[in-house]
Amino acid sequence: MFSMFVYTNNYLKCGIVRVSHFHEREYKFSTRAPCKYSFQPAFVGTHDLIDRRKLHFQARGSKYHKMSSQVMEKTESNVAVEDSLRDLPLSNSYETAMEALSSLITRQKRGTPSSVGGKYGKFDRMQMYLKILNLEEHIPELKIIHVAGTKGKGSTCAFCEAILRECGFRTGLFTSPHLIDVRERFRIDGFDISEDKFLLHFWDCWNQLKEHVSDDLPMPPLFQFLTVLAFKIFVCEKVDVAIIEVGLGGKRDSTNVIKEPVVCGITPLGMDHTEVLGNTLGCIASHKAGIFKVPLKVVEPLDHKKLEGSKLSLSGDHQFTNAALAVSLCKCWLQRTGNWEKIFQNQDNPESNMPEAFLRGLTTAHLYGRAQVVHDSSSNCHFGSAPADNSSGDLIFYLDGAHSPESMEVCAKWFSSAVQESKQLPNLSSSSHDVESMKEVWGNGYIQSERGNTNESNKISKKILLFNCMEVRDPQILLPQLVSTCASSGTYFSKAIFVPSISTYNKVTSGTSAIPSGISNQDLSWQFSLQRLWEKIIHGIEGDVVLDESSKLDSAETLPPREFLYEDASRCSPADGNLACSSVISSLPLTIKWLRDCVRENPTLRIRVLVTGSLHLVGDVLKLLKR
């Protein structure tokens, strides 16, 4: 594992990205300020969207043109902007925005040449998009912290944002990917950007770019558009600091259009995205180092004693490494911007002690889908005339989007530690009455009941793996890593369930988008290959596991019987086609329902489900659990 690196520069005195000159006479760029909205309704400039929506919204056009003039008159006031947007049908407009974003997906495989047309390269196009939006000269004002790395860059960015917010600064955070809703990628002062503000900035950005597209300069692909949108949002929202997470790699990433960051950081490196970055750590490191502008410094993991008895809000021992980098990045940022002495002039020896604001940030930062524990309260709800007593089991989800060998090892260590620590916690509520008294935490940590009265020993504990990964990953490395690391800590899975993700790679959905309950004619060949690999690992089989045709699903909605959870591994005989240690289920919603039904019908059952292998799978599970 590589150590952390932090780059510090002479603030606002250097540049790195060389961009070839383009002829301004070919494109009549707007010279207005980036936040002087000539706000077009969400239904203008989306000619590539489906005709049904276009006709529907054109009928309402006059109403929104009137609203546009109102926004123009009050553009300096966020309150006025929000008031002007109240009449906008946000749900319809938001879904239209998702359709617009979906049209920017290039559908190309990673590692293949770019399918984006035009005569300009990525960074040339990025500079042109920024110029169209009049953002070029404003980006240095964002005083950016730029973070790359294989593992932990999202956590590091979250720590940085929380620390500087606790120091009193207005923060902007851009991360990827999103798990439930695209607005997760844009945080202002620790919160996902509101729907109305997102729509305001989104459609203004969309319409301006649409006005300037040509054969030479097409609309940006999805991630480039979201990157440009992040800059626009943070400039218009007047943040004091923008923390920007690299999308993929560094040197060629769209975020590397940043010329003058205050400070850059690199989190630990590992073998991931090798089809793009190369198949050695040296090649990968060269891409990550592409965001550097001058010298670097090595950062040691954070000593837990520095926390003075507090705990990091993000779980796992690996977070001490991410937290250390975040502390160094924030300290450097404060020093380079002239704020360190101003903020900590009255604190005793801040150089050796952790400032209180830093401690608050490290203990409150949150990030979805990374070492996140969620108790599913829906499995404890009773309907109809069922009594509200302790008559249900417990269903607890442990979610981590690990998808590389290194992150899978970290995930396994965290899960093993989490399930062992949970034995010391009070029993979670299981009645509809107690559900009302639960404090729900959709961050990292347990959702704990305010009172518990059932002895832990009365519960039958089952640890289930819910797994899927992209076909570009290597499950022959990921799954053995998971099993062996868990086993070394005395943690063993009762069963494994392999499911396809709901999320598709050709559509951007929102948190309220419809979720299909079942998928007909689903191709499950990848899931069955994962199942065969799992059986080989569990039983130590050298050759291939032959999957008997009768053991495959007869229909898209076939579910295993309830007895599947209780069958002993000794009855599992892959040679006979009896795969009692694992199952393939064609639908994630059906899987969640089946798990809920199992614990609802058995008060002695506690199911701990590790969801991993894919951030898309983790996001899909979170969507289902929040409904």
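Everything below is about the structure printed above this text.
Residues numbered from 1 in each chain as written. Predicted model: local features only at pLDDT ≥ 70, side-chain atom pairs only at ≥ 80, totals over all residues. Heavy atoms only, no water.

## Let's talk about the overall build of the chain
Inference 1: Each helix and strand in the chain was counted, giving 19 helices and 14 strands.
Inference 2: Per-residue burial over the chain gives 56% buried out of 627 residues.
Inference 3: Sequence separation of 24 or more characterises 82% of the internal contacts of the chain that already satisfy a separation of 6 or more. (Helix = DSSP H or I, 4+ residues; strand = E, 2+ residues; numbered from the N terminus. Buried < 20%, exposed > 50% of the residue type's maximum accessible area, 1.4 Å probe, protein only. Contact = heavy atoms within 4.5 Å.)

## Some words on the state of the cysteines
Inference 1: Scanning all chains against the criterion turns up zero disulfides.
Inference 2: Free of any disulfide, Cys160 has its nearest neighbouring cysteine sulfur in Cys330, separated by 4.0 Å.
Inference 3: Relative accessible area serves as the criterion here: at 0%, Cys160 is assigned to the buried category.
Inference 4: The structure places no disulfide on Cys411, whose sulfur is separated from the nearest cysteine sulfur, that of Cys486, by 7.3 Å.
Inference 5: A residue is classified by how much of its surface remains accessible, and Cys411, at 1% relative accessible area, is buried. (Disulfide = S-S within 2.5 Å.)

## Some thoughts on the packing of aromatic side chains
Inference 1: According to the stated counting rule, one finds 21 aromatic pairs in the structure shown.
Inference 2: Judged by centre distance (5.6 Å) and plane angle (20 degrees), the rings of Phe198 and Phe202 are stacked. Here Phe202 and Phe198 lie together in helix 7 (residues 195-211), a separation of four residues that amounts to about one turn. Each of the two residues, Phe198 as well as Phe202, counts as buried.
Inference 3: Relative to Trp203, the ring of Phe202 lies with its centre 4.8 Å away and its plane at 85 degrees, an arrangement referred to as edge-to-face.
Inference 4: Given a relative accessible area of 0%, Phe202 falls into the buried group.
Inference 5: Taken together through their ring pairs, the aromatic side chains of Tyr94, Phe174, Phe186, Phe198, Phe202, Trp203, Trp206, Phe223 and Phe225 make up a single cluster.
Inference 6: A cation over an aromatic ring shows up here: Lys495 above the ring of Phe564, its NZ or CZ 5.0 Å from the ring centre. (Phe/Tyr/Trp six-rings, centres within 6.5 Å; stacked < 30°, edge-to-face > 60°. Lys NZ or Arg CZ within 6 Å of the ring centre and 35° of its normal.)

## Section: helix 14 (residues 405-421)
Inference 1: If you check helix 14, its first and last C-alpha atoms are 24 Å apart, about what 17 residues at 1.5 Å a residue would give, namely 24 Å.
Inference 2: Elements that come into contact with the buried residues of helix 14 comprise strand 9 (372-375), strand 10 (394-399), strand 11 (460-467), helix 16 (475-488) and strand 14 (605-612). (Expected span 1.5 Å × (residues − 1).)

## Topic: the nonpolar core
Inference 1: Ranked by size, the top nonpolar core spans 48 residues in total, and within it Leu101, Phe186, Phe198, Phe202, Phe225, Phe231 and Phe234 carry the most contacts.
Inference 2: When residues of this core are traced back to their parent elements, those giving at least two are helix 4 (90-102), helix 5 (122-132), strand 4 (186-188), helix 7, helix 8 (222-236) and strand 6 (241-245).
Inference 3: In terms of residue count, helix 8 provides more of this core than any other element does, ten residues in total.
Inference 4: If we skip the residues at most four places from it in the chain, Phe234 touches Leu142, Gly172, Leu173, Phe174, Arg187, Ile188, Val239, Ala242 and Ile244. (Core = buried A, V, L, I, M, F, W, Y, C linked by side-chain atoms within 4.5 Å.)

## Regarding the side chain of Thr337
Inference 1: Mapped onto the fold, Thr337 is located in the loop between helix 11 (319-336) and helix 12 (340-344).
Inference 2: A distance of 3.4 Å separates a polar atom in the side chain of Thr337 from the backbone oxygen of Leu334.
Inference 3: Dropping the residues within four chain positions of it, Thr337 is found in contact with Lys143 and Val262. (Polar contact = N/O pair within 3.5 Å; in protein donor to acceptor, adjacent residues only side chain to side chain.)

## Quick look at the pairing of strand 10
Inference 1: Among the six residues in strand 10, six count as buried, and that is most of the element.
Inference 2: Looking at chain direction, strand 9 and strand 10 are connected through four bridges and run antiparallel. By the bridge assignment for strand 10, Val373 is matched with Tyr398.
Inference 3: Note: strand 10 against strand 14, six bridges, orientation parallel. Each bridged residue has a counterpart across the sheet, and for Asp394 the counterpart in strand 14 is Arg606. (Pairing = 2+ DSSP bridges.)

## Describing the environment of Gly247
Inference 1: With respect to the helices and strands, Gly247 occurs in the loop between strand 6 and strand 7 (263-266).
Inference 2: Spatially, the C-alpha atom of Gly247 lies 9.5 Å from that of Gly149, the residues being 98 residues apart in sequence.
Inference 3: When neighbours within four sequence positions are excluded, Gly247 is seen to be in contact with Lys153, Ser176, Phe223 and Asp253.

## Here we look at the side chain of Arg125
Inference 1: Assignment of secondary structure puts Arg125 in helix 5.
Inference 2: Despite its burial, Arg125 pairs with no opposite charge; the closest candidate is Asp124, at 7.9 Å N-O.
Inference 3: Beyond its immediate chain neighbours, meaning those up to four positions away, Arg125 contacts Val116, Tyr120, Leu217, Pro218, Pro221 and Gln224. (Lys, Arg positive; Asp, Glu negative; His and termini not counted. Salt bridge = Lys/Arg side-chain N within 4 Å of Asp/Glu carboxyl O.)

## Some details on the pattern of salt bridges
Inference 1: What the rule picks out here adds up to 17 salt bridges.
Inference 2: Linking Asp376 and Arg596 is a salt bridge whose minimum nitrogen-to-oxygen distance equals 2.8 Å. With a gap of 220 residues between them, Asp376 in the loop between strand 9 and strand 10 and Arg596 in helix 18 (residues 588-600) connect regions that are remote in the sequence.
Inference 3: Under the relative-accessibility criterion, Asp376 is labelled buried at 2%.
Inference 4: Relative accessible area serves as the criterion here: at 14%, Arg596 is assigned to the buried category.
Inference 5: Among the salt bridges present, the one from Arg600 reaches Asp597, with a minimum N-O distance of 3.3 Å. Of this pair, Arg600 and Asp597 are both found in helix 18, three residues apart, which corresponds to roughly one turn of the helix.
Inference 6: Judged by relative accessible area, Arg600 falls into the partly exposed class, the value being 23%.
Inference 7: When its relative accessible area of 15% is taken as the criterion, Asp597 is described as buried.
Inference 8: Connected through salt bridges with shared partners, the residues Arg170, Asp189, Lys197 and Glu237 form a single ionic network.

## Some remarks on the environment of Leu329
Inference 1: One can find Leu329 in helix 11.
Inference 2: Considered as a pair, Leu329 and His146 are 183 residues apart in the sequence and their alpha carbons are 9.4 Å apart.

## Some words on the sheet that holds strand 14
Inference 1: Taken in spatial order, the six strands of this open sheet run 9-10-14-11-12-13, and their pairing is mixed. Here the strands that pair on one side only, and so sit at the sheet edges, are strand 9 and strand 13 (582-584). Sheet twist, expressed as the average angle between the axes of neighbouring strands with direction ignored, equals 20 degrees.
Inference 2: Its contacts with the sheet put helix 19 (residues 615-625) on strand 9, strand 10, strand 11 and strand 14, and the angle it makes with strand 10 is roughly 145 degrees. (Axes fitted to C-alpha atoms, helices over the stretch in contact; angles between N-to-C directions.)

## What to know about helix 6 (residues 153-166)
Inference 1: Taking 1.5 Å per residue as the helical rise, helix 6 with its 14 residues ought to reach 20 Å, and the 20 Å between its terminal C-alpha atoms agrees with that figure.
Inference 2: For helix 6, the buried fraction is high: twelve of the 14 residues fall into the buried class.
Inference 3: Within helix 6 the residues assigned to the buried category are Lys153, Gly154, Ser155, Thr156, Cys157, Ala158, Phe159, Cys160, Glu161, Ala162, Ile163 and Leu164.
Inference 4: Of the surrounding elements, those touching the buried residues of helix 6 are strand 2 (145-148), strand 3 (171-174), strand 6, helix 11 and helix 13 (356-362).

## So, the environment of Cys598
Inference 1: Counting through the fold element by element, Cys598 comes out in helix 18.
Inference 2: For Cys598, a relative accessible area of 4% corresponds to the buried category.
Inference 3: Each C-alpha atom, one on Cys598 and one on Asp394, is 9.6 Å from the other, the two residues being 204 residues apart in sequence.
Inference 4: Dropping the residues within four chain positions of it, Cys598 is found in contact with Arg562, Leu565, Leu605 and Ile607.

So yeah, pure geometry; function would need other evidence.
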